[in-house]
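# Notes for the structure review
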Amino acid sequence: MATEATKRPDYRGTLNLPQTEFPMKANLPQREPARIAWWAEHRIYQRRLESNGEGRPWILHDGPPYANGGLHMGHFLNKVLKDIFVKVNLLDGRASRFVPGWDMHGLPIEMETLKHLGVHFRSVPPAELREKCRERALYWLDIQRDLFMRMGCFGLWEAPYRTIDPSFEGTIVDALADLAQQGYLYKGLRSTYWCPTDETALADAEIEYRDHVSPSVYVRFPADAAQRGDLLSRFDGQVSEAGDLPLAVMCWTTTPWSLPGTVGVAFNPEAEYGLFRFRHAAGGEDLLIFATALLESVLARVPGTTAQTLATTTGAHLVGGEVHHPFMEFMVRLVDAPYVELETGTGAVTTAPGHGPEDFETGVRCGLPIVTPVNERGDFTAEAGIFHGLNVLRDANAKIVEHLRANGTLYCSVDYSHSYAHCWRCHNPVIFRATSQWFMALDVNHLRRRTTEQVADVRWHPAWGEERMRLMIENHPDWCLSRQRTWGTPIPAFDCQECGAEILDPRVARHVAALFREHGATIWWTWDAPRLLPAEFCCPQCGSAKLKKEMNIVDIWFESGVTHLAVLGSEQMPWPADVYLEGSDQYRGWFRSNLLTSMAIKGTPPYREVVSTGWVVDPEGRAMHKSAGNYIAADDAMNTYGADVMRLWIASVDYEADVRVGASILANVGEVYRNLRNRVRFILGNLFDFLPQQTVPADRLHPIDRLALAVTDALAERCARAYREFRLHDVYLALSNFVNDDLSAFYLDALKDRLYSSAAGATGRRSAQSVLWHIAKTLMALYAPVLSFSAEEAWQSVPPSLREGVDSVFFLKLEEPHEASPEGAAAVWSLVKGLRAQVKAQTAVEGRDFELRALVSADAATAATLEGLGDDLREALVVSACDVTAGSENGVSMELARTDGEKCARCWKYLALGADPAHPFVCGPCAEVVRSL
RNA sequence: GGGCCAUUAGCUCAGGUUGGUUAGAGCGCACCCCUGAUAAGGGUGAGGUCUGUGGUUCGACUCCACAAUGGCCCA
């Protein structure tokens, strides 16, 4: 063995093997924080923004997260996606200035603060409670900001917009002034969701549906003699066996507490109703009216009864009749309502316009009185008679059922489990109350029509977003803007003490807005009315100066609905935004609220494009919940996998639909990450001795290198286009295919011989390096929006002489300008790649790569093309010799055979050895290189 | 209960703008090669009734209807 070693010396030291400081192992969780500090210290984002200064900035307007807790994977998806597109545009030469924002007012924070303090909101003075809420919101803002920065997101983190800033509060009130001036705001009685626990009206968005068990009651609404005659006549006089039995309508409700406010009974006008002769188990008999379709169901619930059908008619025929209330003093009108369904109950539904939106609508349409005998705490008022003082959610149902049973009007009461509206924060059931609230009208000034029309002018991603938004606007009721809470921005309304006028005057609103900008909105609680009003302002109706401020705050969806007015509109942050990007729940939320305020105040949408994302779900496709045990906190994921792997995960999925995440999914992404990282590492390793001035001009590159250049430029073009069109997954697929298939398995593999065994400064080697440097820059730039940490790390590992003073990967261009590629380059590339694949497929049979010589035969044209590649064809096939012959047949075929040569101890190709007696085991070219060292 | 969206190999996704030969890729897995990208690299292979059921058609993963499962929004 010793003699063998001396006979065949080790030439390893004479080769140009890769060297790089870019480590193979990423250690992302440990290294990423230092990268963030470096970006901040060197003001990388700000400097690129400044150098991109010309032209209109590209603005992705940030939808504000709610500052009331930690961050989950949904937050990660949201903010990182935004960051990716911000960086795409940054690298693409635009000033993509990202101003992050936070939604900081509102009930959830107020609740969280009260819980934190352990007190009830009535026990804390408003100004003090507001200060505590502010502290709490700022506390969460800091935590969230740190995490967003930890994700690697670029943005103006030191100057975010916050809905609690006095300037923002001023914008909110100015927006109300604009709306008031144009006649959008009105005060109206409305049946609104009302939370008796929190004592506030709730927006639709503040409602969640949960299962709830209610007593489902069948109640007798008796008719007196006159009413009886009238009702019987409505059965077309076909009633012969009625005798003188008493008559009643059998009504149904799942909210017995609404009975004191029940002033109507609704029938489905198209359904059939029967007049039934009822024999009760106890012995009595009477006549009852209810839906025929529900007869069996009713009999099943009122045991021991039998019924005989005397006559039938339609619901429409019964409308206009009247019966007595089962216990109140007033009469109840029979009305029609299309929503009355015949699946459960009796088809005769109690209607309390003060306690339900449908009932309210029916009441208004049919002229019923709007009765609301329930106060803000859910207690019956004196208007409810004997039930005065009972609470509708606690004891009213039981007491009312008991009373019905006692006075003989209850047929049946059974527990009924159904989906019922609950408060989103305290999770208690909510009720409806008719209360006086401020509304934004959607049909004033053709707002609804103009909005649905202009929805078509926005580019929606995915495309179905347009239809979804259009339907959303078409079906939306007027927007209830007022809330009866403390932590928010006051609605600048005053009530006249003399004439009772409710005043929301634009002039007053602008005055208040200016005061808020200067002093903050808390002055609404600490200043008296005269100080808040413009000098000499009097009631526009009666001229009285005795005005009292209202204590309503504005819906927080209105606050976030005017972020476009608060944040955009300057030269640096122009209005409208280029893009809004949020989860698909925001079609109903922020996309819509911004659209409506913008259409009303500015006349056009606040965005040109809208991107919506799916939901982050667990590996089985189920929603994530802390209580379900499948919840992943954003910081935990980053600490485990590193932000860059998490960021790559986002590119690996189709974010427009729901995206799954879990340990095995992220492990897969981790493998792809290592691929992408090692490709760049290998390329950088081969550039350790390369200098920019050694770059070989395109026209003198090796043929295969020119093809590689062309293929790389095509990739960059394709990726850049996909990036600009938000097709992130296409970038991911294109990059991983390129890096694995074109580079690792083909080009880089082929290049090793030339890079390693040529003389360091040989033109051929510099040609390869020239192209490798171009590929490296291309890849790092394309990686940077997604793999921000790793791309930057790679860039910092490039020898400074090669980097030429470019400090950061974020100073590169997304797509380097380049000359047109040679005609058909991609086809030639594929052709050669295909031949190389054939070689590889046969190496197991025929021998190792370099042990082979290839005999390629092709039609004349193809042969000419292949011959044009010169020795690069041999190199690309990784064989020791290659001959091309032109045949007459179409296409290309190849034969492989063993070479005659011996293995060169230095380059490992099989060639004639020993031309230089000093180096007997080495081929001619290698001997020459070695001699020159 | 209604609207919208999704459902293609173990996982993440392509695909077919006009339905037409053996539905593709990466990762994982199994086996093999290399050891001068080495806590790397290369090759080969096994995995799919394209969620299900009907329908239209000479022919459907692709069009239509219904259903299931999951998601978002609403009631």
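Heads up: these notes are all about the structure in this document. Just so it is clear, the model here is predicted, and its values are computed rather than measured. (Residues numbered from 1 in each chain as written. Chains lettered and ligands numbered in written order. Predicted model: local features only at pLDDT ≥ 70, side-chain atom pairs only at ≥ 80, totals over all residues. Heavy atoms only, no water.)

## Considerations on the overall build of chain A
Each helix and strand in chain A was counted, giving 32 helices and 32 strands. Against the globule reference of 30 Å for 933 residues, chain A gives a C-alpha radius of gyration of 39 Å, more extended than a compact globule. Taken along its principal axes, the extent of the C-alpha atoms in chain A is 130 × 70 × 50 Å. Split into buried and exposed, the 933 residues of chain A put 57% on the buried side. Pairs at least 24 apart in sequence give 78% of the contacts found in chain A among residues at least 6 apart. Both charge centroids of chain A, one from 92 positive and one from 118 negative side chains, sit 5 Å from each other. (Helix = DSSP H or I, 4+ residues; strand = E, 2+ residues; numbered from the N terminus. Rg over C-alpha atoms; globule rule 2.2 N^0.38 Å. Buried < 20%, exposed > 50% of the residue type's maximum accessible area, 1.4 Å probe, protein only. Contact = heavy atoms within 4.5 Å. Lys, Arg positive; Asp, Glu negative; His and termini not counted. Charge placed at Lys NZ, Arg CZ, Asp CG, Glu CD.)

## Some points on the sheet that holds strand 5 (residues 200-202)
The strand order across the open sheet built from four strands is 5-4-16-18, with neighbouring strands paired in antiparallel fashion. Where the open sheet ends on each side, the last strands, each with one partner, are strand 5 and strand 18 (479-480). As paired elements, strand 4 (residues 185-195) and strand 5 share three bridges and run antiparallel to each other. Considered in strand 5, the bridge of C195 is made with T200. (Pairing = 2+ DSSP bridges.)

## Topic: unusual backbone geometry
The omega angle of the peptide bond from H461 to P462 is -5°, so this bond is cis rather than trans. Structurally, P462 can be placed in the loop between strand 17 (459-461) and helix 14 (464-474). P576 follows W575 through a cis peptide bond whose omega is -5°. Tracing the backbone through its elements, the reader meets P576 in the loop between helix 19 (563-567) and strand 24 (577-583).

## Some points on the protein's contact with RNA strand B
Taken together, 47 residues are adjacent to RNA strand B, and R588, G621, S652, R674 and H729 come closest. In RNA strand B, the atoms that sit within 4 Å of the protein are 76% sugar and phosphate, with bases accounting for the remainder. Within the side chain of K840, an N or O atom sits 3.2 Å from a sugar or linking oxygen of RNA strand B. At 3.2 Å from a base oxygen of RNA strand B is found a side-chain nitrogen or oxygen belonging to W908. Broken down by secondary-structure element, the contributors of at least two residues to the surface near RNA strand B are helix 14, helix 23 (663-685) and helix 25 (728-757). At 10 residues, the largest contribution of residues to the surface near RNA strand B is made by helix 23. Of the residues contributing to the surface near RNA strand B, the split by class is 18 nonpolar, 11 polar and 18 charged. (Near = heavy atom within 4 Å. Polar contact = N/O pair within 3.5 Å; in protein donor to acceptor, adjacent residues only side chain to side chain. Nonpolar A, V, L, I, M, F, W, Y, C, P; charged D, E, K, R; others polar.)

## Regarding the environment of T253
Position of T253 relative to the elements: it lies in strand 7 (residues 247-253). Distance in space between the C-alpha atoms of T253 and A348 is 8.8 Å, their sequence separation being 95 residues. Once residues within four sequence positions are removed from consideration, T253 is found in contact with P215, S216, V217, S258, L259 and T350. A polar contact of 3.0 Å, which involves the side chain of T253, links it to the backbone nitrogen of T255.

## Thoughts on the packing of helix 7 (residues 166-181) against helix 15 (residues 506-519)
As a packed pair, helix 7 and helix 15 sit with axes 8 Å apart at the nearest point and diverge in direction by 175°. For the element pair helix 7 / helix 15, the angle class is roughly antiparallel. Every residue of helix 15 that contacts helix 7 at P166, S167, E169, G170, T171, V173, D174, A177, D178, A180 and Q181 is listed here: P506, A509, R510, V512, A513, F516 and R517. In terms of residue class, the contact of helix 7 with helix 15 is built from nine nonpolar, four polar and five charged. (Axes fitted to C-alpha atoms, helices over the stretch in contact; angles between N-to-C directions. Parallel < 35°, antiparallel > 145°, perpendicular 65-115°, else oblique.)

## Quick notes on the packing of aromatic side chains
Going through the model one piece at a time under the given rule, you end up with 28 aromatic pairs. With centroids separated by 5.3 Å and ring planes inclined at 45°, the aromatic side chains of Y45 and F154 adopt a geometry described as tilted. With Y45 in helix 3 (residues 44-51) and F154 in the loop between helix 6 (126-150) and strand 3 (161-162), this pair connects stretches of sequence that are 109 residues apart. With respect to burial, Y45 and F154 carry one shared label: buried. Centre to centre, the rings of W102 and W157 are 6.3 Å apart; their planes meet at 55°, and the pair counts as tilted. You can see W102 sitting in strand 2 (residues 101-102) and its partner W157 sitting in the loop between helix 6 and strand 3, a full 55 residues away along the chain. Using a relative accessible area of 5% as the deciding quantity, one classes W157 as buried. Taken together, the ring pairs connect W460, W464, Y580, Y587, W590, F591 and Y607 into an aromatic cluster. In this structure, K626 is placed above the aromatic ring of Y631, and the distance from its NZ or CZ to the ring centre is 5.1 Å. (Phe/Tyr/Trp six-rings, centres within 6.5 Å; stacked < 30°, edge-to-face > 60°. Lys NZ or Arg CZ within 6 Å of the ring centre and 35° of its normal.)

## Some words on helix 21 (residues 634-641)
When helix 21 is considered as a whole, its buried residues turn out to be A634, A637 and M638. Projected onto a plane normal to the axis of helix 21, the buried residues spread over an arc of 95° and lie on a single side. For helix 21, the exposed residues set more than 90 degrees away from the buried face come down to N639 and T640. Residues of helix 21 that are buried in the fold lie against helix 2 (28-41), helix 4 (73-91), helix 6 and helix 22 (643-652). Just beyond helix 21, the residue with positive phi is G642, at close to 90°. (Arc of directions from axis to C-beta.)

## Description of the nonpolar core
Core analysis: the largest hydrophobic core is formed by 221 residues, its most contacted members being M440, W649, Y747, L779 and M780. It is helix 25 that provides the largest number of residues to this core, a total of 14 residues. Sequence-distant contacts of W649, defined by excluding residues within four places in its chain, comprise M73, F76, V616, V659, R660, V661, I665, L666 and V669. In terms of nonpolar packing, the next biggest core, distinct from the first, is built from 54 residues, V263, V265, V323 and A384 among them. (Core = buried A, V, L, I, M, F, W, Y, C linked by side-chain atoms within 4.5 Å.)

## Brief notes about the side chain of T489
Tracing the chain through its elements places T489 in the loop between strand 19 (482-483) and strand 20 (494-496). A polar contact is formed between the side chain of T489 and the side chain of E559, at a distance of 2.8 Å. Setting aside anything within four residues of it in sequence, one finds T489 in contact with H105, E169, I172, V173, F516, N552, I553, V554 and E559.

## Considering the packing of helix 22 against helix 27 (residues 788-797)
Running from amino to carboxyl end, helix 22 crosses helix 27 at an angle of 120°, the nearest separation of the two axes being 7 Å. As far as their axial angle goes, helix 27 and helix 22 are oblique. Seen from helix 22, the contacting residues are A643, D644 and R647; seen from helix 27, they are S788, F789 and S790. Here the contact of helix 22 with helix 27 is composed, by residue class, of two nonpolar, two polar and two charged.

## Let's talk about the sheet that holds strand 30 (residues 892-898)
Strand order in the open sheet formed by three strands is 29-28-30, and the pairing between neighbours is mixed. What marks the edges here is a single partner per strand, and that holds for strand 29 (881-887) and strand 30. Each strand axis lies, on average, 20° off the axis of its neighbour in the sheet, ignoring direction. Judged from the seven bridges that link them, strand 28 (residues 852-859) and strand 30 form a sheet pairing that is antiparallel. When the sheet's bridge partners are listed, A854 is paired in strand 30 with L896. Against the sheet, helix 30 (residues 860-868) makes contact with strand 28, strand 29 and strand 30, and its axis sits at roughly 140° relative to strand 28, the strand it touches most.

## Observations regarding the state of the cysteines
The tally for this structure, following the rule as stated, stands at zero disulfides. Not engaged in a disulfide, the cysteine C538 finds its nearest cysteine sulfur in C539; these two sulfurs lie 8.5 Å apart. Between C923, a cysteine without a disulfide, and C926, which holds the nearest cysteine sulfur, the sulfur-to-sulfur distance is 3.6 Å. (Disulfide = S-S within 2.5 Å.)

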